[in-house]
Amino acid sequence: MLTSIKDECAIVGIGMTEISKNSGRSELQLAAECVSAAIKDAGLKPHDIDGLTGFTLDHVDEIEVARTVGIPELKMMSRMPHGGGAPMSLVQQAVMAVSTGMCKAVVGYRAMNGRSGARYSEGVADGPETTDAISWGWYMPYGLLTPACWVAMHTQRYMHEYGATDEALAEIAVAQRDFASRNPNALFYGRPITMDDYYNAPYIVEPLKLYDCCIETDGGAAFVITSAERAKDLPHTPAMVRSAAQGAAFDQEVMTSFYRDCITTLPEYDLVAKQCYEQSGLGPDDLDAAIIYDAFTPIVLFQLESFGFCKHGEGHEWVKGGTLGPDGRLPTNTHGGLLSEGYIHGINGLAEGVRLIRGTSVNQPKKNIENVLVTSGASMPTSAIIIGK
Amino acid sequence: MMNPEEKKAFEKQIHAYIGKEFGPALVGQDDVNQAMVRQWCEVMGDANPAYTDTEWAATSSRGGTIAPPSMLHIWVMQGYPMAFIKPDDPPVDRQRELHQIFDKYGYKGVVATNCTTEFFTEAKPGDSIQSHSTFDTISDEKATGIGTGYFIETVTNFTNQDGEKLGRMVFRVLKFIPTAQPAAAEESSGGAMSKDPTRLAPALGHDNKWWWDAVNNDDKVLIQRCKSCETLRHPPRPMCHKCQSLEWDSIESTMDGTVNSFCVICYPEIPGYSYPLVGAVIELAEGTRLVSNVVDVDPDDMVIGMKVKGTVEQVDEVTKLPQFRPVKS
């Protein structure tokens, strides 16, 4: 029996559409375009793919993607839950399928008209009587309707307990817009912001200001995973999957886990980090760059702490002084992140992680990049991977 | 729903009105006069001296005051008694008669959609205004956002005592079967009152309805308690996570609380809520937490650790919620 997934599989293809405020086409078409591009990038054909994994939140069924792209047979279909917490669990699904021999090559995808279609900033709305809907009922009547509200609650407490200020948040917001300003595929391409821009922007939900919040965009992103063995014959430097983990922890809710004794750490992230390090045999010192899920700036801090780059409560100090910049200890979100490249639910971040391994990022750090951490949404059931050369 | 035969007969009946007059010409109850003009100008905030300043107007090219052109249809309005006409009262004219036919077939909604007026000659104090209305067009059945119905376009010509043409108004209404806006149906002649938006209601199911029932019916905030090990839990769920018992009851919270964390919601502004809005995680004295609002507080005065006291309150026309206020120390 397989005892470790480390380096059994590799990400061999990535594909993305442009990112925009109005794609002008269906989410199915976006999905088909990015999936097809990822397969082509991998040097494969649609008939080489036999598994598809996606988001429960995606509006596009995998069977429609398969017939549209021309994938004749699917031996594995999976949909992963909890929105932003899902993306790296797609990798886990694909790795489990390929490393056990269930599938030869699996594609993961996410396609969304997140700006011109249904927008997350519009808040949660009525729906069928699911446990999810019941859960939102504890927040909606009070006006806590958007992700910014829920994250703000954790952030306020974090600032209170650890003496953090918005200086740390500004550092992240400005650093990532700087990366995005050089990324032609980013919505913030050519538009860096200054510290003054950050501080002068209005509050969305105090303590979160405008530039603490990600953008909403249309677009699609996909990746291809196959075995390490097969990856050797394919055109690009494979991004070896060193670990792929998922986690939910005690008293878990989706973005509203306010009932735990401590609401300034993310135990589900501690769980994911522990697995990632156990599977890969690596530690924080081995990670050269990171793609940290950044729907909002403060959740970057929470994740850095869970992954042991610094202690809990110290992230706000650790990031200061350019730690996450191009020449810093941990270049982070070199594409600009969800904050400023675009919001394709973290799969665009995965593509950038693969580029960092290939050495093809527009903001490729000067130092050698051996291992990259890529994470998913924070303050919800989540997932992460470590990829490497 | 009408079958095709009935629909044909109905449409024949309504289309027969095209080209017909409402009835005899309407004659204004008052001649054009300075008092009504002044009142109208006050309400509309129109300070043009040509309407109200007799001295100034005497020196103008008109040689005296004139009535504001857009008052034209005011002079022939039937006045306050119109408000008391009931839907099934005998029709006062063919317009009411036609609307009653629509009402009978379920097209009870009415909404004015367009009004265009052309002005030819000015009315001046002492003039007696008459209006003469006809049905100009009635459309085929149309599906609209507020319901399916027919557009009725009428033309009204205004003249003075000498038969001089003062103006012409084209007025279009939609008579429709209301779908999304039942309020519009109740008022068969315009002016449906719009209800204020209210807060989003929670979805109710087996596991939480009892909690919201206590809020809505008894003004109480309850905390679920395991009957077996007495562990309190919130939000409610069907099984005790400590001992897996399915048996539970509840205790009533004292609503004494401490702010564990909070946020000040500024954007986006959702209808039904007022902003900035303070959301807070409240640590109740009983040990469980409740997410709610802190009200009657300046957001700048909010601090973690603040003592608060809660009550169940009517926060809008239809919503009752626990709300917390700072405890004065």
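This structure is a prediction, so every number in the text was calculated from the model and none was measured.

A pair can form between side chains of opposite charge whenever their charged atoms are brought close. Scanning the model with the defined rule gives 34 salt bridges over all chains in all. A salt bridge links E283(B) to R289(B); the nearest nitrogen and oxygen atoms lie 3.1 Å apart. On the accessibility criterion, R289(B) (6% relative accessible area) is buried. Bridged by salt links that share partners, the residues E18(A), R25(A) and E33(A) form one connected network.

This part takes up a nonpolar patch on the surface. Residue and element names in this part refer to chain B. On the surface, M82, I85 and V92 cluster together into a nonpolar patch covering about 270 Å² of accessible area. Relative to the assigned elements, M82 resides in the loop between helix 4 (54-58) and helix 5 (94-104). Judged by relative accessible area, which is 46%, M82 ranks as partly exposed.

What follows deals with the domain arrangement of chain B. For an interface, size is often stated in terms of accessible area lost upon the parts coming together. As assigned here, chain B comprises domain 1 (4-32 + 67-186) and domain 2 (209-326). Computed over C-alpha atoms only, the centres of domain 1 of chain B and domain 2 of chain B are separated by 53 Å.

Here we take up the side chain of T156(B). Counting through the fold element by element, T156(B) comes out in strand 5 (residues 147-159). Setting aside residues no more than four positions away along its own chain, T156(B) makes contact with S131(B), H132(B), S133(B), G167(B), R168(B) and M169(B).

For the rest of this paragraph, the subject is the pairing of strand 8 (residues 239-247) of chain A. All names here are of chain A. The buried fraction of strand 8 is high, at 8 of 9 residues. Alignment of strand 8 against strand 11 (residues 382-388), held across 7 bridges, turns out to be antiparallel. Within strand 11, the position partnered with G247 by the bridge is T382.

This brings us to the packing of aromatic side chains. Each aromatic ring pair is specified by the distance between its two centres and by the angle formed by the two planes. Overall, the coordinates contain 23 aromatic pairs over all chains when judged by the stated rule. Seen in terms of ring centroids, Y277(A) and F307(A) are 5.9 Å apart; in terms of plane orientation they differ by 85°. Their pairing is edge-to-face. Of this pair, Y277(A) sits in helix 9 (residues 267-280) while F307(A) sits in the loop between helix 10 (297-306) and helix 11 (315-318), and the two are 30 residues apart along the sequence. Owing to a relative accessible area of 1%, F307(A) belongs among the buried residues under this scheme. Look at F22(B) and F135(B): their rings are 4.8 Å apart centre to centre, the planes differ by 40°, and that puts the pair in the tilted class.

Now for the sheet that holds strand 9 (residues 248-252) of chain B. Residue and element names in this part refer to chain B. With antiparallel pairing, the 3 strands of this open sheet are ordered in space as 8-7-9. Each of the sheet's edge strands pairs with one partner strand only, and the pair in question is strand 8 (232-233) and strand 9. Two strands pair when backbone bridges link them, and strand 7 (residues 222-226) and strand 8 are joined in this way by 2 bridges, in the antiparallel orientation. Across the sheet, the residue bridging to R225 is L232, located in strand 8. Contacting strand 7 and strand 9, helix 7 (residues 209-218) runs over the sheet at an angle of about 145° to strand 7.

Rules behind the numbers
- The numbering scheme is per chain: residues are counted from 1 as the chain's sequence reads.
- Chains and ligands are labelled by the order in which they are written, letters from A for the one and numbers from 1 for the other.
- pLDDT decides what is reported in this predicted model: residues at 70 or higher carry local features, side-chain atom pairs at 80 or more are listed and counted, and totals for whole chains, interfaces and linings draw on all residues regardless.
- The basis for the side-chain values is all heavy atoms of the structure; hydrogens and waters are excluded.
- Definition used for salt bridges: Asp or Glu carboxyl oxygen within 4 Å of a side-chain nitrogen of Lys or Arg.
- Exposed residues in this analysis have more than 50% of their type's maximum accessible area, buried residues have under 20%, and partly exposed residues fall in between, with area computed by a 1.4 Å probe over protein chains only.
- Residues enter patches when they are more than 30% accessible in relative terms and free of salt bridges; like-charged ones are connected within 9 Å and nonpolar ones (Val, Leu, Ile, Met, Phe, Trp, Tyr) within 5 Å.
- In these tables, accessible area is a Shrake-Rupley quantity obtained with a 1.4 Å probe, and a residue counts as shielded only by the protein chains included in the view.
- Helix and strand definitions follow DSSP, with helices as H or I runs of at least four residues and strands as E runs of at least two, each counted in order from the N terminus.
- These domain boundaries are the output of an automatic or database domain assignment.
- Any two residues whose heavy atoms approach within 4.5 Å are treated as being in contact.
- Two strands make a pair as long as DSSP finds a minimum of two bridges between them.
- Each pair of aromatic rings taken from Phe, Tyr and Trp, with Trp reduced to its six-membered ring, is defined by centres within 6.5 Å and is described as stacked if the planes are under 30 degrees apart, edge-to-face if over 60, and tilted in the remaining cases.
- Angles run from 0 to 180 degrees between N-to-C directions of axes, and those axes are lines fitted to C-alpha atoms, restricted for helices to the stretch in contact.

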